[in-house]
Amino acid sequence: MAAYGQTQYSPALQPAGPYTAYTHHAQGYSMPSYSAGISSGIFQGTHAISSSTPFNPTQQEFSAYSSYSQSQYSPYYNSHHYNSPYITSSNISPAAITAPLAYQHPEHPVMMPNHSPESHTADYNPPPSPPTPGKEEGIPGRRGSDSKLRGRKRVIEPAPPLDSDIERVFIWDLDETIIIFHSLLTGTFSSRFGKDSSKAVSLGLWMEEMIFNLSDSRLFFNDLEECDQVHIDDVASDDNGQDLSTYNFGSDGFQSPAGAGSLCLGSGVHGGVDWMRKLAFRYRRVKEIYNTYKNNVGGLLGSPKREEWLQLRREMEVLTDLWLTQALKALALINSRPNCVNVLVTTTQLIPALSKVLLYGLGSAFPIENIYSATKTGKESCFERVSQRFGRRAVYVVIGDGAEEETVAKKKNMPFWRVSCRADLEALSHALEMDYL
């Protein structure tokens, strides 16, 4: 019966009419093919990197990248995802940049979440996993009578790959490749790129002072200058594992009245068992400090040094047209790959080299175990150590600006990428994004 004024419906439903045949219109789908070529300064040898585009064996001058811009590669760059970190020298001013600009990648997080030089590192964190039902979504998990969880798995952080599992090793030079430092002091950078020479020298001297202050005050450089090591663990075998939380380094008698130089010969293997143990204690403490503060250099420096350091980093980025920012972008792309690793081989002594890495915000890009000093042994010896560590099956790519690393790379049949200007770093990042390296 009809209620509340509703219309009464017929008790019987009328049968539907016959269905008409549906004609399927087949539509073919195809992916338009494209090809992209890149001219790289890669030297090819027995371990050369394969690519769909052949490499030019002649060392390039990167002339093809003199007008490099994202607009030339519209199929690969989406303006929604890529915010250009490049600023031309004509519109750069210290007031315009309050913090280094972050490079954003659609699959990788922002390199500098805090937008400050202190967080300006090449660390990579994988994207968060989707929420697990019953955990993140608030659905209570069921428990059996034995109180064991059902339907849940313990989340285990993936372990870093073993050295033998690494497939590609990128061996970097430090000065004038990743960072600009020595050329500021000599005036080479300012004369080559048309910068204010007095400003460049001033910033170089400022950074030099901070490097040696950090080395002397926190990293035992006064004790270790004459006992330089190639690697942080080279004297670890002399360490007995003693607790150093209350150890007094200032009164342990490490330095004799005549100075430690008379006790330390070669790589430091001299001076007796007790003295070598004290040497190992210092390198162990340096390693602890590096690992503790590599992402918090401001905490290591303390106030007011932290504020001075932040100002220095900003002014150097302005002067160098964001050179370090571009280098960090390439380092981050490499670190985001599961079986690739960044290794640093520098001619700077180990302790000042660690200070440089920390002060330039490179701590997350280079674990301390991946830093080698070639001051005493030369780069060829360091390259050999790196090859023995990661194995002969890995592909080694050398990135630098000097003749020494290029000569050693060719001798060992390792591809070499020359960095002589910021455009070379841009081209390197582009090659990494396109999986040419």
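Treat the numbers as computed from the prediction; the structure is a model and nothing was measured. (Residues numbered from 1 in each chain as written. Predicted model: local features only at pLDDT ≥ 70, side-chain atom pairs only at ≥ 80, totals over all residues. Heavy atoms only, no water.)

Helix and strand counts for the protein stand at 12 helices and 5 strands. With 437 residues in all, the protein has 46% of them scored as buried. Long-range pairs, those at least 24 residues apart, make up 73% of the contacts in the protein between residues at least 6 apart in sequence. For the protein, the accessible area works out to roughly 23400 Å², and carbon and sulfur atoms hold 51% of it. (Helix = DSSP H or I, 4+ residues; strand = E, 2+ residues; numbered from the N terminus. Buried < 20%, exposed > 50% of the residue type's maximum accessible area, 1.4 Å probe, protein only. Contact = heavy atoms within 4.5 Å. Areas by Shrake-Rupley, 256 points an atom, 1.4 Å probe, with all protein chains shown as cover.)

Moving on, we get to the pattern of salt bridges. Going through the model one piece at a time under the given rule, you end up with 23 salt bridges. Put simply, D173 and K379 hold a salt bridge, and the shortest N to O gap is 3.0 Å. Note that D173 is positioned in the loop between strand 1 (168–172) and helix 1 (182–186) and K379 in helix 10 (residues 379–390), a separation of 206 residues in sequence. On the basis of relative accessibility, which here comes to 8%, the residue D173 falls in the buried class. Residue K379 is classed as buried on the basis of its relative accessible area, which comes to 2%. Note that E384 and K412 form a salt bridge whose closest N and O atoms lie 2.7 Å from each other. Note that E384 is positioned in helix 10 and K412 in the loop between helix 11 (403–411) and strand 5 (416–418), a separation of 28 residues in sequence. Relative accessible area serves as the criterion here: at 22%, E384 is assigned to the partly exposed category. (Salt bridge = Lys/Arg side-chain N within 4 Å of Asp/Glu carboxyl O.)

This paragraph deals with the side chain of H231. Note that H231 resides in the loop between helix 4 (221–224) and helix 5 (273–293). Taking the relative accessible area as the measure of exposure, H231 reaches 8% and is therefore buried. A distance of 2.7 Å separates the side chain of H231 from the backbone oxygen of E369, its partner in a polar contact. Residues in contact with H231, not counting those within four places in the same chain, are L350, I368, E369, I371, Y372 and R385. (Polar contact = N/O pair within 3.5 Å; in protein donor to acceptor, adjacent residues only side chain to side chain.)

The predicted structure's coordinates, where accompanied by low pLDDT, should not be read in detail. On average, the protein scores 75 in pLDDT, and the residues at 70 or more come to 59%. Note on residues 43–48: pLDDT is under 50 here. Beyond four places in sequence and across chains, it has 16 contacts. The low-confidence segment residues 257–262, where pLDDT is below 50, has 5 contacts with residues more than four positions distant or belonging to other chains. (pLDDT = per-residue confidence, 0-100.)

Along its 22 residues, helix 3 (residues 197–218) runs 31 Å from first to last C-alpha, staying within 8% of the 32 Å computed at 1.5 Å per residue. When we look at burial in helix 3, the residues that qualify are A200, L203, G204, M207, M210, I211, L214 and S215. Axial view of helix 3: buried residues confined to an arc of 130°, hence all on one face. Exposed side chains of helix 3 directed beyond 90 degrees from the buried face belong to S198 and S217. Among the structural elements, helix 1, helix 2 (188–193), helix 4, helix 6 (297–301), helix 7 (305–319) and helix 9 (350–359) are those in contact with the buried residues of helix 3. A positive backbone phi angle near 60° is found at F220, which sits one or two residues after helix 3. (Expected span 1.5 Å × (residues − 1). Arc of directions from axis to C-beta.)

Moving on, we get to helix 12 (residues 422–433). Look at helix 12: 17 Å from first C-alpha to last across 12 residues, which is about the 16 Å you get at 1.5 Å a residue. Along helix 12, the residues that are buried comprise R422, A423, D424, L425, E426, A427, L428, S429, H430, A431, L432 and E433. On its buried face, helix 12 is in contact with strand 1, helix 8 (323–335), strand 4 (395–400) and strand 5. Within two residues after helix 12, D435 carries a phi angle of roughly 60°, on the positive side.

Time to look at the nonpolar core. In this structure, W172, I178, L362 and F366 are the most contacted members of the largest nonpolar core, which totals 76 residues. Per-element accounting of this core gives the leading share, 9 residues, to helix 5. In this structure I178 touches W172, D173, W323, L324, A327, L331, L344, L362 and F366, once residues within four positions along its chain are discounted. (Core = buried A, V, L, I, M, F, W, Y, C linked by side-chain atoms within 4.5 Å.)

As a further point, take the sheet that holds strand 4. Taken together, 5 strands build an open sheet; the order of strands is 3-2-1-4-5 and the sheet is parallel. With one partner strand each, in any of the chains shown, strand 3 (371–373) and strand 5 form the two edges of the open sheet. For this sheet, the mean angle separating the axes of adjacent strands, direction not counted, is 20°. For strand 1 and strand 2 (residues 340–346), the ladder comprises 5 bridges, and the chain directions are parallel. If you follow R168 over to strand 2, its bridge partner there is C340. (Pairing = 2+ DSSP bridges. Axes fitted to C-alpha atoms, helices over the stretch in contact; angles between N-to-C directions.)

What follows covers the side chain of N370. Along the chain, N370 falls in the loop between helix 9 and strand 3. Other than its neighbours up to four places away in sequence, N370 contacts V341, N342, V343, L344 and R389.

Buried residues dominate strand 2, accounting for 7 of its 7 residues. Side chains C340, N342, L344 and T346 project from strand 2 onto one buried face, and the interleaved V341, V343 and V345 project onto a second face that is buried too. Between the parallel pair strand 2 and strand 3, the chain is carried across by helix 9, and the sense of this crossover is right-handed. (Right-handed = clockwise from strand over helix to strand, strands pointing away.)

Right, let's get into the pairing of strand 1. Along any regular strand the residues' side chains alternate between the sheet's two faces. Where burial is concerned, most of strand 1 is hidden: 4 out of the 5 residues are buried. Two strands pair when backbone bridges link them, and strand 1 and strand 4 are joined in this way by 5 bridges, in the parallel orientation. Its bridge partner being in strand 4, F170 is matched across the sheet by V397.

Moving on to unusual backbone geometry. Along the chain, S303 connects to P304 via a cis peptide bond; the corresponding omega equals 5°. Despite not being glycine, E176 shows a phi value in the positive range, around 65°. Mapped onto the fold, E176 is located in the loop between strand 1 and helix 1. Of note in the backbone geometry, L322 takes a positive phi value of approximately 60° without being a glycine. Tracing the sequence through the fold places L322 in the loop between helix 7 and helix 8. Classification of L322 by relative accessible area gives buried; the value is 2%.

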